[in-house]
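# Fold and geometry: a report
As a plain string of letters, each chain reads:
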Number of protein chains: 2
Amino acid sequence: MPDPGLSPLQSSLPAAAARFGAHVLAQALAPTRAEGVEAPAEAGPALPPLPGPPSAPFAVPAAEAVPAPPDVVDVPLPADAPAPADVPAPADVFVPESGALERILRGPTGLGTSGLYLARRGEPPTPESPAAPAEGTPIPGLYHHPVPEPDSARVAEVSRRIKRWAVDEVQAYPPEWEDQFDGFSVGRYMVACHPDAPTVDHLMLATRLMVAENVVDDVYCEDHGGSPVGLGGRLLLAHTALDPVHTTQEYAPAWAESLLSDAPRRSYRSAMEYFVQAATPSQADRFRHDMARLHMGYLAEAAWAETAYVPTVAEYLAMRQFNNFRPCPTITDTVGGYELPADLHALPGMQRVIALAGNATTISNDLYSYTKELESPGLHLNLPVVIAQQEGLSDKEGYLKAVEVHNELMHEFEAAAAELAAASPDPRLVRFLRGVAVWVDGNHYWHQTNTYRYSLPDFW
Amino acid sequence: MPDPGLSPLQSSLPAAAARFGAHVLAQALAPTRAEGVEAPAEAGPALPPLPGPPSAPFAVPAAEAVPAPPDVVDVPLPADAPAPADVPAPADVFVPESGALERILRGPTGLGTSGLYLARRGEPPTPESPAAPAEGTPIPGLYHHPVPEPDSARVAEVSRRIKRWAVDEVQAYPPEWEDQFDGFSVGRYMVACHPDAPTVDHLMLATRLMVAENVVDDVYCEDHGGSPVGLGGRLLLAHTALDPVHTTQEYAPAWAESLLSDAPRRSYRSAMEYFVQAATPSQADRFRHDMARLHMGYLAEAAWAETAYVPTVAEYLAMRQFNNFRPCPTITDTVGGYELPADLHALPGMQRVIALAGNATTISNDLYSYTKELESPGLHLNLPVVIAQQEGLSDKEGYLKAVEVHNELMHEFEAAAAELAAASPDPRLVRFLRGVAVWVDGNHYWHQTNTYRYSLPDFW
């Protein structure tokens, strides 16, 4: 059975922070930048307005940045939308016990992802989620947390803008793949994963990168002509769109031109150019590292496919920590308009939280895409398949054991995050942990509701 | 013709720093930790004594660290060694013009790598370099800077300790490869590259990692049974010895045991365990990122080998920015006992300096190992070979053009470093730039003098 209700992390984090005073959490919950709301001093540098295409110099690190007054423009919100205080809390939302801290936290719609919107109280009211419930069924027994329906105005605007970017600006897909692009529902995905993004411009940072990562995977690795043979060369050259080459005057132009020579590189190059404009250098460095991990993961999977090697379960899980969603949740601070400082990001405790969150979401992907991958040619490795093969189990037994693995990773993630928040109650750290948790939940929501791509096996 | 004499970087950096006052450079030149010398407050956390094998918790980041009094023990220096003040400056050492800044800088032996030893004046005297000149001839026309002969007592001690580690502690090599291990001369290499390491313990951090990187390359990729086929899986599993897997209780033990299952993983695991003990979390994160880059570079090279693809020169140079020495110079601060803060490391200007330094040293390796690689089976790609093939040049013309490429990279590196030092005169940044420059010079010294491995072609 699924375990509905709001993420325990979202209650345990406040509980942990309470040991150090409610102000810590209040700071963590307040978005650092939103329309008309001034960023608190603790929140790191303000995000500069995003031009498109970018041409400004690199952002300066937090220590040197002078917060600029916000001047971004977001999607206008309809005047007749209900004020947040008028919206009843969903029945499954966690309601903390009474007390001073809880009164700070509860807010008009209860504690949860909506808490990330607290600073919007003074703004025009937000439209509530569409009346229709989300499509799709969660995997029975999968430990997860439902999320509020993403803001439909934002979804529409992100969907409109990302299609223009993908089709016109970088020519990421030929017109005949348009139905697949629509079926990807990336606008809904990113709005669900980043409810605290101050503006649509911020959401676009994540959305372009997500699309670019899928173009690379599709074209180089999987669905659209990819192959494990020669993949190492293709991925490295694409990686230079994220991590630029510094070379001689004679050869630099050929490298720069190479970045425009195919859809994966055009997509990476453009998405990264926008990202670097908005990110601090340390945030960009963090993202490059996560992408290098991702590419190493692709290459391990490709090597095993090429040699028809079936890894042990432990080896598969190791590979899947690299071929992983990690680059997506770890930009939550840039998309949220603040910075988790590099030294806090590097803490072993934070590295563990991020790894566990990435692993849980990635195994969730294995489970939702199980039937889709069964239909692809050859043996497509995923956790249920590897467990069944290596442990002599039936397909169903392998799948159900993989659900248990996922659930343990989720519990470990939540425990590690609560422990870290208690040990290091920096408001940026606590907000980042919540951002990762919300990303995990939004990612599950997208998988559950993406019936265009995914369907469940008949195991129950 | 080679361009002898001390690195212009080592004069241009002081010149740049002088704009901001001599105290900046004085701080940069003073080692932060050496026997009996107290670390200045600006120098970041003191390095804890290195146990072996390590068991202490991770180091804390700079902001939280409380500098401990130094209590490391180094190799005793012979009592009859000449005091530095008695050693005449080599004829080719740059001597700055007179003035207050220069008087601070010049010291008893002139400005240069020896400047990194200034804090040793109050200590027992250092033995001077062996009387015998270094063996080997520099490549004619290769722009480089000679270095003082490395401290022979340190070379001897590092050589003794690293052999015990490689043979007994991690069983990195079977006994029959001992001559190759000796021929690698890694003690001499690392002492030349890290003249400012406060102790032999610090030098061992770099030396273990260098040996481990070579074990992985030898066993998985090249000389000792490596193959491009399946390499992606092997490298990823080895990478988890640097970047640990966070997984479920059932599968974690199998992963941990896998790290002891072959020489590459045993070497990585142990070398990283020592490194993490001494490094801040951000330094460890930086190193992991550089190693992910290295592994991506190996995999691009392997993909091209497997598909018999000859890249364009620009593509080859891009690959070589990843399959690159970069992880070695970028640990110069950990080996030096201080920290370049993560935000300074991530600056675009610093990323450019590091990339150019890594590229220059790596192309230098292509040039020194040219004849060695000609003897290996199949077509071994290196810059002279790729230039000759792709630009229709003779072997000699290709080689000589590759020398020019190297020289331009070196000049660009030095210009970028001087520019960065002028723009960001933080003493840790300036010291780090000097450390990278000294590493580049020490790396050239090792290639030039390693006649066991390298010989020059007959092109002059």
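Residues numbered from 1 in each chain as written. Chains lettered and ligands numbered in written order. Predicted model: local features only at pLDDT ≥ 70, side-chain atom pairs only at ≥ 80, totals over all residues. Heavy atoms only, no water.

## Section: the confidence of the model for chain A
Residue and element names in this part refer to chain A. This is how the line gets drawn: A residue's pLDDT is the confidence the predictor assigns to it, expressed on a 0 to 100 scale. Note on definitions: a residue-residue contact is assigned when non-hydrogen atoms from the two residues lie within 4.5 Å.
For chain A, the mean per-residue pLDDT works out to 77, and 70% of the residues sit at or above 70. Contacts from residues 1-133, a stretch scored under 50 in pLDDT, to residues over four places away or in other chains number 232 contacts. Among the prediction metrics, the complex's ipTM stands at 0.78, with pTM recorded as 0.79.

## Section: the interface of chain B and chain A
Our working definition: When two components associate, each loses some accessible surface as probed by a 1.4 Å sphere; the sum of these losses over both components is called the buried area. The term salt bridge refers to a pairing of a side-chain nitrogen on Lys or Arg with a carboxyl oxygen on Asp or Glu at a separation within 4 Å. Definition of a polar contact: a pair of N or O atoms within 3.5 Å, with one able to donate and the other able to accept a hydrogen when the atoms are protein atoms, and with sequence-neighbouring residues admitted only if both atoms are side-chain atoms. Segments assigned H or I by DSSP are reported as helices when at least four residues long, segments assigned E as strands when at least two residues long, and all are numbered from the N terminus.
The interface of chain B with chain A comprises 64 residues on the first partner and 65 residues on the second. Both sides of the chain B and chain A interface together cover about 5,400 Å² of buried area, and 66% of this is carbon and sulfur. Looking only at chain B, the three residues that lose the most surface to chain A are His246(B), Tyr251(B) and Met296(B), adding up to 14% of its buried area. Linking chain B to chain A there are four salt bridges. When the shortest N-O distance is used, the salt bridge between Asp243(A) and Arg293(B) registers 2.7 Å. Along the contact surface separating chain B from chain A lie 20 residue pairs in polar contact (both at pLDDT 80 or more). Elements with a minimum of two residues in the side of chain B that touches chain A: helix H8 (231-239), helix H9 (252-258), helix H11 (281-306), helix H12 (313-320), helix H14 (342-346), helix H15 (348-368), helix H17 (383-391) and helix H18 (395-423) of chain B. Sorting elements by how many residues they give to the side of chain B that touches chain A places H11(B) first, with 15 residues.

## What about the packing of aromatic side chains?
All names here are of chain A. Note the cut-off: A pair of Phe, Tyr and Trp rings is counted when the ring centres sit within 6.5 Å of each other, with Trp represented by its six-membered ring. The angle between the planes then sorts it: under 30 degrees is stacked, over 60 is edge-to-face, the rest tilted. The buried label goes to any residue with under 20% of its type's maximum accessible area, the exposed label to any with over 50%, and the partly exposed label to all in between, with areas taken from a 1.4 Å probe on protein chains only. For a lysine, the NZ atom is tested; for an arginine, the CZ atom; a charge sits over a ring if that atom is within 6 Å of the ring centre and within 35 degrees of the ring normal.
Applying the stated criterion to the full structure yields 28 aromatic pairs over all chains. Their ring planes at 55° and their centres at 5.9 Å tell us that Tyr 370 and Phe 459 sit as a pair that is tilted. Of this pair, Tyr 370 sits in helix H16 (residues 370-374) while Phe 459 is found in the segment after helix H19 (427-449), placing the two residues 89 residues apart along the sequence. For Tyr 370, a relative accessible area of 4% puts it in the buried group. Assessed through its relative accessible area of 13%, Phe 459 is described here as buried. Linked through ring pairs, Phe 184, Tyr 189, Phe 325, Trp 439, Trp 446 and Tyr 454 together constitute an aromatic cluster. Above the ring of Tyr 274, the side-chain terminus of Arg 208 is found at 3.5 Å from the ring centroid.

## With respect to the relation of the copies chain B and chain A
Test applied: Superposing the copies works by least squares over the C-alpha atoms of residues that have pLDDT at least 70 in both of them.
Superposition of chain B onto chain A requires a rotation of 180° combined with a translation of 0.0 Å along the rotation axis, giving an RMSD of 0.0 Å. Given the turn and translation reported, the copies of this chain are related as if by a two-fold rotation axis. Taking the C-alpha atom as reference, chain B places His289(B) closest to the rotation axis, 2.7 Å from it. By residue overlap, the copies meet face to face through one surface: 100% of the interface positions of chain B are interface positions in chain A.

## With respect to the environment of Ala271(A)
Residues and elements named next belong to chain A. Structurally, Ala 271 is set in helix H10 (residues 263-278). A relative accessible area of 1% places Ala 271 in the buried class. For the pair formed by Ala 271 and Leu 209, sequence separation is 62 residues and the distance between their alpha carbons is 5.4 Å. Ala 271 has contacts with Trp 165, Arg 208, Leu 209 and Ala 212, leaving out every residue within four places of it along the chain.

## Considerations on helix H17 (residues 383-391) of chain A
All names here are of chain A. Taken as a whole, H17 has its buried residues at Leu 383, Pro 384, Val 385, Val 386, Ile 387 and Ala 388. Of the surrounding elements, those touching the buried residues of H17 are helix H12 (313-320), helix H15 (348-368), H16 and helix H18 (395-423). By the N-cap criterion, in which a side-chain oxygen at the helix start approaches the backbone nitrogen of a residue two or three places on, H17 is capped by Asn 382, the distance to Val 385 being 3.0 Å. The first or second residue beyond H17 is Gly 392, which carries a positive phi of 60°.

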